[in-house]
Amino acid sequence: MSKRFPPLSHKCPRILHGGDYNPDQWRHTPEIWDEDMRLMKLAGCNAMSVGIFAWSALEPSEGRFEFDWLDQIMDKLADNGIYVVLGTPSGSKPAWMSHAYPEVCRVNPDGTRQPHRVRHNHCRTSPVYREKCQMINRKLAERYGDHPALLLWHVSNEYNGGDCHCEHCYQAFREWLKKRYNYDLEKLNYAYWSSFWSHTFPDWDYIEPIDSTMHGLMLDWARFKTEQTIDFFNAEIAPLKEVAPDIPVTTNFMTACSTLDYWAFAKAVDIVSWDSYPAWHETDDDSAEAARTALVHDMNRSMKGGKPFMLMESVPSIPTRDCIKKRKKPGMHYLSSLQAIAHGSDTVQYFQWRKSRGCKEKFHGAVVDHAGTEHTRVFREVSELGQALAELDEVAGTTVSPEVALIQDYQNDWGLDFGARVFLGENVKYREECLAHYRPFWEAGVPVDIIDQTCALDQYQLVIAPMSYMLRPGFAERIRNYVYQGGTVVLTYWSGVVDETDLCLLGGTPGGGLREVFGVWEEESQNYFPEESVLIGAKDNNSLGMEGTYNAVDICSVIHAEGAEVLAEYEEDYFAGSPALTKNDYGSGKAYYMACRNQADFLREFYNRLMVDRSIQSVLKAELPEGVTAQKRTDGDTAYIFVMNFNETEKNIELDAAYTDILTGKTTASTATLGGYGVMVLKDRAQS
Ligand code: GAL
């Protein structure tokens, strides 16, 4: 049965190509606007994000609105067949507002208010700021809601979880806590274990989120900031939805932002979008960065159940970050852009279309450089990509349907950071650990969903939950049921340690009933310095067929098998002979427990065996050389297999059949040669 998601916008059912376009910076040189139109068409662009930081151009002083320039740009773009992802400008407030209404600026923990400067630093609770945002958003919706060029709203820009310690935020936080703890202060004090160091709160009004030693409090503050940001976002979109209900809304998420729980935020947007800035070429091996980026693409797809997302920003050449960065080598722009499509994006958008003349981002990579011509390497590569994307329009709306899920949970991340760091120090490395467990699948060409602890598990053959330190409500139960009913789960050391306010679970780790599911008890754990390692070895005749010896690093936990089979054991240190990897049969499923942090060789051996055990197959029946991966998008009838070479040198791939590469229109030979940073998109009938 064909399963296709509707296009991002019915107005343009294609793969979108374009980027952040700031015509407000060029209002005094209209000839540049005309040149932009010519160049956009030449580069194969069909959608531009306009006006993201244009508040002072739209409302130069309070209540005085100037839309003429935007009217002209919207019309020009429409006349040239280019659509608009229209920004709402709250990411950067105008100076007049900070001066007239200081409450729109954030307050530091010491109570001092921040001056007007940079961007992304408004108070998310300020009633004035909300009112001003709603006013300008309403005007934008009324003026452009029916404009033929308008595709989507790009609401604000890169919301973050930065702190604001103003009275408005504190009052809202206390109200939020009251609801969460049912107006029972004792309940809150117990949840925070506040009798420690005599930190008991005798009054709601004494609660201030400034004590990093109170892990439960800081976790709630982090949750509050996410919810308050969503609340702010909902206030921002209210007039857009009221005036132009058919125009979808999105806001651009970030790679590195760990301060907002995007899983909660994703529910509030119509389309997920994100900004991707990998650090290519910083080592000799780009495949690590490719896998890291792939994981984030997969998460952005998973957040809306496989619905295509938008690559909202990427750089066509080199970002500026106040440090040494490398330009994309020839071919990498094409490859990294198609990588996004391979994992479920229906767009390739850039920051930025044209380089600004001044300020922070004047040297940041752009499609159009200060020379202002199409005769640059970057422009040629962008145009070449534009042509390729046009060939891929039929991929829009298809999805990726993985059998494997990896749980990387924001709130667990916070828990580890606030709560476990006191013991593990710099060995926490939660996201690195998730990536290490993801990598063997990326290498094997096996798609993975990246989910969080709140997600359903039933659709997967295999669920991996590294370092599930915090058990959020319902998670342990979901794992138990999933395994009982036949699922396979991998859990690691430092799982099931605390509840959601960082109170340690009593009765042995992993808690929450997981000790029984996994058939192990984790008694204690040892930390190691970077130069240290601990030898572990597979046990003879273990039921998974694991072989060899390996060096575990950073963290080794001492566990006891309580009914689980021991697959590998430690061969060194005071706990030599105790289990390093176990498997427990529970109900009709299997529960694996990994007691230590393992390196790539171990993880590859383990997961390759597990994939065979679970009959999980690569999307391409071919041996993939190192640094080459394959990913598949499908609508159930047709499959599009993206084969991507992240090596600078060419690689040969033995294919099981002849395919059509839709980028070239040619039929592949049985040995396909992928050039350095090369990509093929093979069209096939879907297998199932
Ligand atoms: C993004 C931001 C853009 C631009 C870009 C530069 O994080 O949304 O406005 O600053 O970085 O890389």
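Conventions used here
Residue numbering note: each chain is counted from 1, following its sequence as written. Given that the model is predicted, a residue must reach a pLDDT of at least 70 before its local features are reported, and side-chain atom pairs must reach 80 or more before they are shown or counted; all residues, however, enter totals for whole chains, interfaces and linings. Values shown for side chains rest on all heavy atoms present in the structure; no hydrogens or waters enter the calculation. Numbering of helices and strands starts at the N terminus; helices are DSSP runs of H or I of at least 4 residues and strands are runs of E of at least 2. Only the C-alpha atoms count toward the radius of gyration. The rule for a globule is 2.2 Å times the residue count to the power 0.38. Throughout, exposure labels follow a simple rule: accessible area from a 1.4 Å probe, protein chains only, divided by the maximum for the residue type, with under 20% read as buried, over 50% as exposed, and the rest as partly exposed. Any two residues having at least one pair of non-hydrogen atoms within 4.5 Å are treated as being in contact. Computed with a 1.4 Å probe, the accessible areas rest on the Shrake-Rupley method; for each residue, only the protein chains presented here act as cover. Counted as positive: Lys and Arg. Counted as negative: Asp and Glu, with His and the chain ends omitted from the count. Charged side chains are reduced to one point each, which is NZ for Lys, CZ for Arg, CG for Asp and CD for Glu. For the purposes of this description, domain bounds are those given by an automatic or database domain assignment. Accessible area that two parts lose when put together, with a 1.4 Å probe and added across both, is what the buried area reports. By convention in these notes, a salt bridge is any Lys or Arg side-chain nitrogen within 4 Å of a carboxyl oxygen on Asp or Glu. N or O atoms within 3.5 Å of each other form a polar contact, as long as, within protein, one can give a hydrogen and the other can take it, and as long as residues adjacent in sequence are counted only when both atoms are side-chain atoms. Throughout this entry, Asp, Glu, Lys and Arg are counted as charged residues, while Ala, Val, Leu, Ile, Met, Phe, Trp, Tyr, Cys and Pro are counted as nonpolar. The remaining residues, Gly among them, count as polar. In this analysis, the expected span of each helix is defined as 1.5 Å times one less than the number of residues it contains. Consider each residue's heavy atoms; a residue with any of them within 4 Å of a molecule or strand counts as near. The angle between two axes is taken between their N-to-C directions and runs from 0 to 180 degrees, where each axis is a line fitted to C-alpha atoms and a helix contributes only its stretch in contact. The labels follow the angle: roughly parallel below 35 degrees, roughly antiparallel above 145, roughly perpendicular from 65 to 115, and oblique for the rest. Patch construction takes residues with relative accessible area above 30% that form no salt bridge. Like charges are linked within 9 Å, and nonpolar side chains (Val, Leu, Ile, Met, Phe, Trp, Tyr) are linked within 5 Å. Stacked, edge-to-face and tilted are the three classes for Phe, Tyr and Trp ring pairs, Trp counted by its six-membered ring, which pair at centre distances within 6.5 Å; planes under 30 degrees apart are stacked, over 60 edge-to-face, the rest tilted. Any two strands with at least two DSSP bridges between them are considered paired.

Enquirer: In this structure, what is going on with the overall build of the protein chain? I would like to understand it.
Expert: If you tally the helices and strands in the protein chain, you get 17 helices and 27 strands. Radius of gyration (C-alpha) of the protein chain: 26 Å, near the 26 Å computed for a compact globule of 688 residues. Once the C-alpha set of the protein chain is aligned to its principal axes, its extents read approximately 75 × 75 × 45 Å. For the protein chain, with 688 residues in total, the buried portion stands at 60%. Residue pairs at least 24 apart in sequence account for 72% of intrachain contacts in the protein chain once pairs closer than 6 positions are excluded. For the protein chain, the exposed surface amounts to about 26,600 Å²; the carbon and sulfur share of it is 48%. Distance between charge centres in the protein chain, computed from 68 positive and 98 negative side chains, equals 5 Å.

Enquirer: Would you explain the domain arrangement of the protein chain in this entry?
Expert: Accessible area lost when the parts come together is the quantity often used to give the size of an interface. Per the domain assignment, the segments of the protein chain are domain 1 (16–164 + 226–395), domain 2 (404–613) and domain 3 (628–685). A straight line from the C-alpha centre of domain 1 to that of domain 3 covers 31 Å. Both faces combined, the contact of domain 1 with domain 3 buries some 1,700 Å², and carbon together with sulfur accounts for 67% of it. Sorting the residues of domain 1 by area buried against domain 3 places Leu-335, Ala-342 and Glu-394 first, and these three jointly supply 32% of that buried surface. On the surface where domain 1 and domain 3 come into contact, there are 3 salt bridges. Here Lys-683 and Glu-394 are joined by a salt bridge, their closest N and O atoms 2.7 Å apart. Along the contact surface separating domain 1 from domain 3 lie 7 residue pairs in polar contact (both at pLDDT 80 or more). For the side of domain 1 that touches domain 3, the secondary structure elements donating two or more residues are helix H10 (287–302), helix H11 (332–342) and helix H12 (377–391). Top contributing element to the side of domain 1 that touches domain 3 by residue count: H11, with 7 residues. Here the residues of the side of domain 1 that touches domain 3 are counted per class, giving 13 nonpolar, 7 polar and 5 charged.

Enquirer: Please explain H12 as it appears in this structure.
Expert: Working note: α-helix, 3.6 residues per turn, so residues spaced by three or four point in the same direction. Over its 15 residues, H12 extends 22 Å from the first C-alpha to the last, a length consistent with the 21 Å expected when each residue adds 1.5 Å. Taken residue by residue, H12 has Val-378, Phe-379, Glu-381, Val-382, Ser-383, Leu-385, Gly-386, Ala-388 and Leu-389 as its buried positions. Contacts made by the buried residues of H12 are with strand E1 (16–21), helix H1 (30–42), H11 and strand E9 (347–350).

Enquirer: Which parts of the structure should I look at to understand the site of the ligand?
Expert: Every residue near the ligand is listed here: Phe-53, Arg-119, Asn-157, Glu-158, Asn-252, Asp-275, Tyr-277, Glu-313, Arg-321, Phe-351, Glu-361 and His-364. Between an oxygen atom of the ligand and a side-chain N or O atom of Arg-321, the distance comes to 2.9 Å. Contact between the ligand and His-364: an oxygen atom at 2.6 Å from a side-chain N or O atom of the residue. Calculation on the ligand without its partners gives an accessible area of 310 Å², and the protein chains cover 94% of this total.

Enquirer: Just checking my understanding: could you explain the pattern of salt bridges for this structure?
Expert: If the charged atoms of two oppositely charged side chains come close together, the side chains can form a pair. Under the counting rule described, the total for this entry stands at 45 salt bridges. Taking the shortest distance from any N to any O, the salt bridge between Asp-554 and Lys-429 comes out at 3.0 Å. Of this pair, Asp-554 sits in strand E16 (residues 549–561) while Lys-429 sits in the loop between helix H13 (410–424) and helix H14 (430–444), placing them 125 residues apart in sequence. A relative accessible area of 7% places Asp-554 in the buried class. With a closest N to O distance of 2.7 Å, Arg-515 and Glu-562 form a salt bridge. Here the residue Arg-515 occupies a position in helix H16 (residues 514–518), and Glu-562 occupies one in the loop between E16 and strand E17 (565–570), the gap between them amounting to 47 residues. One connected set of salt bridges, linked through shared partners, spans Arg-180, Asp-220, Arg-223 and Glu-500.

Enquirer: I keep staring at the packing of helix H6 (residues 167–180) against helix H8 (residues 215–243) and nothing clicks. Help me out?
Expert: What describes two packed helices is the angle between their axes and the distance between those same axes. Contact pair H6 / H8: the axes reach a minimum separation of 10 Å and the direction vectors enclose 105°. It follows that H6 is roughly perpendicular to H8 by the angle criterion. Side by side, H6 and H8 meet where Cys-169, Tyr-170, Ala-172, Phe-173, Trp-176, Leu-177 and Arg-180 of the first sit next to Leu-217, Asp-220, Trp-221, Arg-223, Phe-224, Glu-227 and Gln-228 of the second.

Enquirer: What's the story with a negative patch on the surface in this structure? I'm lost.
Expert: A cluster of like negative charges, contributed by Glu-531, Glu-532, Glu-571, Glu-572 and Asp-573, occupies part of the molecular surface. Within the secondary structure layout, Glu-572 lies in the loop between E17 and strand E18 (579–586). With a relative accessible area of 35%, Glu-572 lands in the partly exposed category.

Enquirer: Just checking my understanding: could you explain helix H17 (residues 600–613) for this structure?
Expert: Over its 14 residues, H17 runs 20 Å from end to end, which matches the ideal 20 Å to within 8%, given 1.5 Å per residue. Within the span of H17, buried status applies to Phe-602, Leu-603, Glu-605, Phe-606, Tyr-607, Leu-610 and Met-611. One or two steps after H17, the chain reaches Ser-615, where phi turns positive at roughly 55°.

Enquirer: So what exactly am I meant to see when it comes to the side chain of His-281 here?
Expert: Looking at where His-281 falls in the secondary structure, it is placed in the loop between strand E7 (273–275) and H10. A distance of 2.9 Å separates the side chain of His-281 from the backbone nitrogen of Lys-329, its partner in a polar contact. Discounting chain neighbours no more than four positions away, the residues touching His-281 are Asp-286, Lys-326, Arg-327, Lys-328, Lys-329, Met-332 and Tyr-677.

Enquirer: Hey, could you run me through the packing of aromatic side chains in this one?
Expert: The description of two aromatic rings rests on the distance between their centres and on the angle between their planes. In the structure shown here, the tally under the stated rule is 33 aromatic pairs. Taking 5.0 Å as the distance between ring centres and 70° as the angle between the ring planes, the aromatic pair formed by Phe-173 and Trp-221 counts as edge-to-face. Taken together, the residues span a long stretch of sequence, with Phe-173 in helix H6 and Trp-221 in helix H8 at a distance of 48 residues. In this pair, the class of Phe-173 matches that of Trp-221, namely buried. Measuring from centroid to centroid gives 5.6 Å for Trp-221 and Phe-224, while their planes differ by 20°, and the two rings are stacked. Residue Trp-221 and its partner Phe-224 are located together in helix H8, separated by 3 residues, close to a single helical turn. Assessed through its relative accessible area of 2%, Trp-221 is described here as buried.

Enquirer: Would you mind going over the sheet that holds strand E8 (residues 310–313) with me for this structure?
Expert: What links the strands of a sheet is backbone hydrogen bonding, and the strands pair in either a parallel or an antiparallel sense. Sheet architecture is open: 3 strands sit in the order E6-E7-E8, paired in parallel fashion. Only two strands of the sheet have a single partner each, and these edge strands are strand E6 (252–254) and E8. Taking each pair of neighbouring strands and ignoring which way they run, the sheet shows an average axis angle of 45°. One ladder, built from 3 bridges, connects E6 with E7; its direction is parallel. Its bridge partner being in E7, Met-254 is matched across the sheet by Asp-275.

Enquirer: Which parts of the structure should I look at to understand unusual backbone geometry?
Expert: Comment: phi is negative for the bulk of residues other than glycine, and the bulk of peptide bonds are trans. For the bond from Phe-351 to Gln-352, the omega torsion is 25°, close enough to zero to count as cis. Looking at the element boundaries, Gln-352 is found in the loop between E9 and H12. Cis geometry marks the peptide bond from Thr-509 to Pro-510; its omega dihedral reads -5°. Positive phi, normally seen in glycine, also occurs at Cys-359, with a value near 75°. A residue is classified by how much of its surface remains accessible, and Cys-359, at 66% relative accessible area, is exposed. Even without being a glycine, Asp-573 presents a positive backbone phi close to 70°. In this fold, Asp-573 is placed in the loop between E17 and E18.

Enquirer: Can you help me understand a nonpolar patch on the surface in this one?
Expert: A cluster of nonpolar side chains, contributed by Tyr-190, Trp-193, Phe-196 and Trp-197, occupies part of the molecular surface with about 540 Å² of accessible area. Structurally, Tyr-190 is set in helix H7 (residues 185–191).

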